[in-house]
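Report on the structure
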Amino acid sequence: MRFLLVVLLFCFARFLYGQTCTYLAYDGFEYSSDTPLHGLSGGTGWAAPWSVQNNNTTLPGFQSVYGNGSLSYGLLQTIGRHGTGGYQYLTAGRRLNSTDGGPFDAYIASGTDAIGTQAGSTLWYSVLLRKTSNNDQEVYTTLHSSTLDWCENCTTNKIGAGYFGTNSNVAGQRYWTLRIGDSYYPSSVPVTAGSTVFLVLSVAFNPPSGATIQLYVNPATLGNTTPSPTLTQTTAANLQMRSLAFYANPVVNSGYIDEVRMGTTYRCVAPDNTVTVNLPPVAVMAATPVSGQAPLSVSLNGSTSYDPEGGTLTYLWNFNDGTGTTATTPATSHVFPYIGRFQPSLTVTDPTGLSHTTYQTITVLDQNGTYPCQSSLTSLQEAGCTQNN
């Protein structure tokens, strides 16, 4: 009997370890170097591209990193480059695909659009961060309930991990910290400027009775062995998530971010070389022309889109110009009848259901070749929702 039990356990472990991981959301920052973060749309599980407060595209600022290479942590799987931030107190964010039937469907109660409204589910999240400056300025990411993706200060319904300035200091030492709402829980792991940290969160949702959150800072094991958490906290608040925000202190190039992952297990958000991961497909769009007088006929081609695993892709074009027109072929064309700026999108989906959406801005001009009413603003400091600023 004992022998049979051992065999069954061995077979179960082989089955579990052999399962391919599929991300709920992912961004490996596989972008061209020195590109503004605002408008970039890599990965899967997102409802929109990255958005930087005030639509800021200043370089240097929030952008793909100078040069090549990912941040690294042990044998953690990585691709692409990494992102950097720090410019005039701005924040970057990205809206998660929390629609009914989307990748987070198991975490969303019927009739809602927020992750965490379904009881009995545990969500895993991980990110690589680096704080380059030896000071009290902040570098962190936050999962929050606001639909304004960069504005994590617009809600107290949030959890985050990183360095939160003086809230993360204990007896003059800086520590990597868990944030729940407006409460801060420093870990026992100090911040080392210039060194990459690997942060993992698990969130066990149990509405209406709150949630249990575990933070793992530089975990001792990756892949199929889940380590002990660095700290555990419970909250009576019903945590809900719709967006991810990334903040780095106001000095340019002082905070790095890479390998944002969300999944159903530890092994899938901390994959080493023993874990097989199904990477999302990559949508590639060519548009000709991208500007012209109304009505403007544009040829759109997505035939160079690809799946890293070689799977057959399906295509969905949305022209986002109010006509309600879509297309499902690799290449198509569309007439934009009105002046304005439009963002047609191409979504490609692989055989496992992972998808990626890319966007292209089309500018339609009037008969004089102009586009009226263009303006811009510059934010000097993020406004607080509870302050008269």
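What counts, and where the lines are drawn
- Here the residue numbers are simple positions, counted from 1 along each chain's written sequence.
- Totals for whole chains, interfaces and linings use every residue, but because this is a predicted model, local features are given only for residues with pLDDT of at least 70 and side-chain atom pairs only at 80 or more, for both listing and counting.
- Think of the side-chain values as coming from all heavy atoms in the structure, minus any hydrogens and water.
- Numbering of helices and strands starts at the N terminus; helices are DSSP runs of H or I of at least 4 residues and strands are runs of E of at least 2.
- The reference for a compact globule is 2.2 Å times residues^0.38; the radius of gyration itself is calculated from the C-alpha atoms.
- When a residue's accessible area, from a 1.4 Å probe over protein chains only, is under 20% of the maximum for its type it is buried; when over 50% it is exposed; and in between it is partly exposed.
- All accessible-area figures derive from a Shrake-Rupley calculation using a 1.4 Å probe, and residue coverage is judged against the displayed protein chains alone.
- The charge count includes Lys and Arg as positive and Asp and Glu as negative, but it does not include His or the ends of the chains.
- One atom stands in for each charge, and that atom is NZ of Lys, CZ of Arg, CG of Asp or CD of Glu.
- Note on pairing: DSSP must find at least two bridges between two strands before they are called paired.
- Angles run from 0 to 180 degrees between N-to-C directions of axes, and those axes are lines fitted to C-alpha atoms, restricted for helices to the stretch in contact.

A closer look at the overall build of the protein
For the protein, the count of helices and strands is two helices and 28 strands. Here the C-alpha atoms of the protein give a radius of gyration of 22 Å, agreeing with the 21 Å that 2.2 N^0.38 yields for 389 residues. Principal-axis analysis of the C-alpha atoms places the extent of the protein at approximately 75 × 55 × 45 Å. Within the protein, the fraction of its 389 residues that count as buried is 49%. About 17,100 Å² of surface is accessible on the protein, with carbon and sulfur atoms providing 51% of the total. Averaging the coordinates of the 14 positive side-chain charges in the protein and doing the same for the 20 negative ones gives two points 8 Å apart.

Focus: the pairing of strand S8 (residues 139–144)
Where burial is concerned, most of S8 is hidden: six out of the six residues are buried. By the alternation rule, side chains of S8 split into Val139, Thr141 and Leu143 and Tyr140, Thr142 and His144, which are all buried. Summarising the sheet, S8 and strand S16 (residues 243–248) pair through six bridges and their orientation is antiparallel. Across the sheet, the residue bridging to Thr142 is Ala245, located in S16. Pairing analysis gives six bridges linking S8 to strand S9 (residues 158–163), with the strands arranged antiparallel. Across the sheet, residue Thr141 finds its bridge partner in S9, namely Ala161.

Regarding the sheet that holds strand S19 (residues 286–288)
Two pairing modes exist for strands in a sheet, parallel and antiparallel, and in both the strands are linked by backbone hydrogen bonds. As summarised here, the arrangement of the three strands in space is S19-S21-S24, forming an open sheet in which the pairing is antiparallel. Each end of this open sheet is capped by a strand with a single partner; those strands are S19 and strand S24 (331–336). Sheet twist, expressed as the average angle between the axes of neighbouring strands with direction ignored, equals 20 degrees. Both S19 and strand S21 (residues 296–301) contribute to a ladder of three bridges, which runs antiparallel. Residue Thr288 lies in a different strand from S21, and its bridge partner there is Ser299.

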